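Structure assessment
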Amino acid sequence: MSVCSSIVNFGGRNNKIKSLLLVSGGAAGMFVALNIFQENEIFYEKFLMPALHKVDPEFSHNFAVTVSKYGFVLRSKYKDPDTLSTSLGTLKLNNPVGIAAGFDKQGEAVEALNKIGFGFVEVGSVTPVPQPGNDKPRVFRLLEDEAVINRYGFNSEGHDIVYNRLHNLRKTNYVGIIGVNLGKNKNSEDPLEDYVSGIRKFADVADYLVVNVSSPNTPGLRSLQSKHHLKELLSGVVAARDDLPANCWTPVFLKLSPDLTDEEKRDIADVLKDPKCAIDGLIISNTTVGRPENLQSNSVFEEGGLSGRPLRDLSTNLIAEMYSLTGGKIPIIGVGGIFTGQDAYDKICAGASAVQLYTSFIFYGPPRITRIKKELDELLRINNYQSVEEAVGTKALKLTEKRSWWPLW
Ligand SMILES: Cc1cc2nc3c(=O)[nH]c(=O)nc-3n(C[C@H](O)[C@H](O)[C@H](O)COP(=O)(O)O)c2cc1C
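It should be emphasised that the depicted structure is a prediction, and the values quoted were computed from it without experimental measurement.

Right, let's get into the packing of helix H8 (residues 262–273) against helix H9 (residues 312–325). Remark: H8 packs on H9, axes separated minimally by 10 Å, with the N-to-C direction vectors making an angle of 40°. Taken together, the axis directions place H8 and H9 in an arrangement best described as oblique. The handedness of the crossing between H8 and H9 is right-handed. Here H8 contributes Lys-265, Arg-266, Ile-268 and Ala-269 to the contact with H9, which in turn contributes Leu-318, Glu-321, Met-322 and Leu-325. A class-by-class count of the residues in the contact of H8 with H9 yields five nonpolar, no polar and three charged.

Structure, rendered in structure tokens:
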């Protein structure tokens, strides 16, 4: 064989390998696209999410936000049934399942999150001026426990940048429900001013605002839940909101920690009775600093807030307690360890008018939203409820009956 013909042969083999790679790459791409298009839960659960879980958690979080930001998501094919429509005070929701604060911290992915089926999107936490948050690594997956520990520490691009993004989104006539979760800067000397400036800044783009005093990763933040501090904070925030022009009136919610003592819970309910501190809703709950004994993952001793499956009952019980302590008069968003329709249903029966999730979304991806909504719809029908609203709080007393000495409003 001449040198020339062996080169030609070699080139031919190379071309064959290239074509083979192209065909198999294309086929794999088609397979992935088709499964994503069909919201194939098994594909997400067995292939896509485990692959993402091989990557650093903060990297895959940022990747998911970027993919959403540039619109590489498909609209959910599931049509929300009437049973799932609900209200949260003055807000009307097509479905009660929202994405919790912390996923879209900088307000970049609101439209995409709405498209994949969330009934509302909570952006943040946002701090007044930009800050980097804690050193990395600061997010840890606890795969065996279906949980996450995070100590992000409010990494935020700050009010101005996040506001501009949401303002631009509203200019496109986006009408989905947006909550803006407000945090304080780590080195702020005036926490009240941090929250008040957030209320004034975001009132015209947000459907609700959240005073977040429950993240465990900002030193001293959770002490703002104590009676004296909370009274001062909420009266300042409510006054600032009430001073806004009437067309900017926006409901204010308070997000609570699941680690409150019984006395703190009663104190908070007491503060909320004061008309000057009359906020419009509670979000229950943030992550816990507790570490249940049965956790199995290696990362269990990492510092930070624990979310996901191990938080589920702690937050459901707190919802029932606060619902009873406030006489069911303050709408509640229930959040913590929701992985199934039953988990969402339990929180609704405990007193939540709507729910949020985060950890199950990062473990199982978008198909989980549809699954939770379908299962919730089924549970409501089986239990003869025409709507979410009919089920709210129906088991709150049962869950809190051991504590019947609590005064009801
Ligand atoms: C990685 C991560 C970051 C979070 N960041 C915030 C935040 O910035 N502000 C906030 O109020 N809650 C934050 N949370 C708490 C969630 O909003 C939610 O309250 C908590 O995770 C419980 O819900 P889940 O068990 O469905 O995750 C964060 C949670 C996680 C896992």
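Orientation of helix H5 (residues 159–171) relative to helix H6 (residues 191–202), taken along the N-to-C sense of each, is 20°, at an axis distance of 11 Å. Considering the angle they form, H5 stands roughly parallel to H6. Two packed elements cross with a definite hand, and for H5 against H6 that hand is right-handed. Within the contact between the two elements, H5 uses His-159, Asp-160, Val-162, Tyr-163 and Leu-166 and H6 uses Asp-194, Ser-197, Gly-198, Lys-201 and Phe-202. When the residues that make up the contact of H5 with H6 are grouped by side-chain class, the tally is four nonpolar, three polar and three charged.

With that settled, consider the pairing of strand E13 (residues 354–357). Here E13 shows no split at all, with Ala-354 and Gln-356 on one side and Val-355 and Leu-357 on the other all buried. As paired elements, strand E12 (residues 332–335) and E13 share three bridges and run parallel to each other. Each residue of the ladder has a partner; that of Ile-333, found in E13, is Ala-354. Tracing the backbone out of E12, into helix H10 (residues 341–350) and back to the parallel element E13 gives a crossover that is right-handed.

We now examine the pairing of strand E11 (residues 305–308). On E11, burial covers both faces: Gly-305 and Ser-307 on one face and Leu-306 and Gly-308 on the other are all buried. Bridge count between strand E6 (residues 147–150) and E11: four bridges; the pairing is antiparallel. Counterpart to Ala-147 in the pairing with E11 is Gly-308.

Near the ligand, the surroundings consist of 24 residues, among which Ala-101, Ser-125, Gly-308, Gly-337 and Thr-359 are the closest. Separating an oxygen atom of the ligand from a side-chain N or O atom of Thr-359 is a distance of 2.5 Å. Elements with a minimum of two residues in the shell around the ligand: strand E4 (120–126), E6 and E11. Residues of the shell around the ligand, tallied by class, amount to eight nonpolar, 14 polar and two charged.

What follows covers the confidence of the model for the protein. Considering every residue of the protein, the mean pLDDT works out to 90; 90% of them sit at 70 or more. Low pLDDT (under 50) marks residues 1–8, which in the prediction has two contacts with non-local residues, meaning those over four places away or in another chain. The low-confidence segment residues 404–409, where pLDDT is below 50, has 15 contacts with residues more than four positions distant or belonging to other chains.

Next up on the list: the sheet that holds strand E5 (residues 139–142). Hydrogen bonds between backbone groups are what pair the strands of a sheet, and the pairing can be parallel or antiparallel. Taking strand neighbours across the sheet as the criterion, the three strands line up as E5-E6-E11 in an open arrangement whose pairing is antiparallel. Of all strands in the sheet, those with a lone pairing partner are E5 and E11, marking the two edges. Strand-to-strand, the axes of this sheet are offset by a mean angle of 20°, without reference to chain direction. Examined bridge by bridge, E5 and E6 share four bridges and lie antiparallel to one another. Residue pairing across strands places Val-139 opposite Asn-150, the latter belonging to E6.

Domains assigned within the protein are domain 1 (11–52) and domain 2 (64–403). Between domain 1 and domain 2, the C-alpha centre-to-centre distance is 37 Å. The tally of links between domain 1 and domain 2 comes to zero salt bridges. At the junction of domain 1 with domain 2, the criterion picks out one residue pair in polar contact (both at pLDDT 80 or more). It is helix H2 (residues 41–52) that contributes the most residues to the side of domain 1 that touches domain 2, five residues altogether. Residue composition of the side of domain 1 that touches domain 2, by class: five nonpolar, two polar and three charged.

On to the pattern of salt bridges. Counted under the stated rule, the structure contains 21 salt bridges. A salt bridge links Glu-146 to Arg-309; the nearest nitrogen and oxygen atoms lie 2.8 Å apart. With Glu-146 in the loop between E5 and E6 and Arg-309 in the loop between E11 and H9, this pair connects stretches of sequence that are 163 residues apart. Accessibility expressed as a relative area gives 17% for Glu-146, which makes it buried. With relative accessibility at 29%, the residue Arg-309 sits in the partly exposed group. Across the pair Arg-309 and Asp-343 runs a salt bridge, and its minimum N-O distance is 3.7 Å. Here Asp-343 lies in helix H10 and Arg-309 lies in the loop between E11 and H9, a separation of 34 residues in the sequence. Take Asp-343: its relative accessible area is 4%, and that puts it in the buried class. Salt bridges here are not isolated pairs; linked through shared partners, they connect Glu-146, Arg-309, Arg-312, Asp-313 and Asp-343.

Conventions and cut-offs
Note on numbering: residues in each chain are counted from 1, in written sequence order. The predicted nature of this model means local features are confined to residues of pLDDT at least 70 and side-chain atom pairs, given and counted, to a pLDDT of 80 or more, with totals for whole chains, interfaces and linings taken over all residues. The basis for every side-chain value is the complete set of heavy atoms in the structure, and neither hydrogens nor water enter the calculation. Every axis corresponds to a line fitted to the C-alpha atoms, with the helix fit spanning only the stretch in contact, and the corresponding angles, defined between N-to-C directions, vary from 0 to 180 degrees. Helix and strand assignments follow DSSP, with helices taken as H or I runs no shorter than four residues and strands as E runs no shorter than two, numbered in order from the N terminus. Relative orientations are named as follows: roughly parallel for angles under 35 degrees, roughly antiparallel for angles over 145 degrees, roughly perpendicular for angles from 65 to 115 degrees, and oblique for any other angle. Crossing handedness is defined as follows: a turn of the near helix away from the far one that is anticlockwise and smaller than a right angle gives a left-handed crossing, while the clockwise case is right-handed. Every residue pair with non-hydrogen atoms within 4.5 Å of one another is taken to be in contact. Each residue is assigned to one of three groups, with Ala, Val, Leu, Ile, Met, Phe, Trp, Tyr, Cys and Pro labelled nonpolar, Asp, Glu, Lys and Arg labelled charged, and all others, Gly among them, labelled polar. Relative accessibility thresholds used throughout: buried, under 20% of the residue-type maximum; exposed, over 50%; partly exposed, between the two (1.4 Å probe, protein chains only). Think of it this way: DSSP has to see at least two bridges between two strands before they count as a pair. Here a crossover is taken to be right-handed if, once the strands point away from the viewer, the path from the first strand over the helix to the second is traced clockwise. Throughout, near means a residue has at least one heavy atom within 4 Å of the molecule or strand. For the purposes of these results, a polar contact is taken to be a pair of N or O atoms within 3.5 Å, where, inside protein, one atom must be able to donate a hydrogen and its partner to accept one; residues adjacent in sequence count only when each atom of the pair is a side-chain atom. One number per residue, pLDDT, summarises how confident the predictor is, and it ranges from 0 to 100. Boundaries between domains were set according to an automatic or database domain assignment. Each salt bridge in this description consists of a side-chain nitrogen of Lys or Arg and a carboxyl oxygen of Asp or Glu lying within 4 Å of one another.

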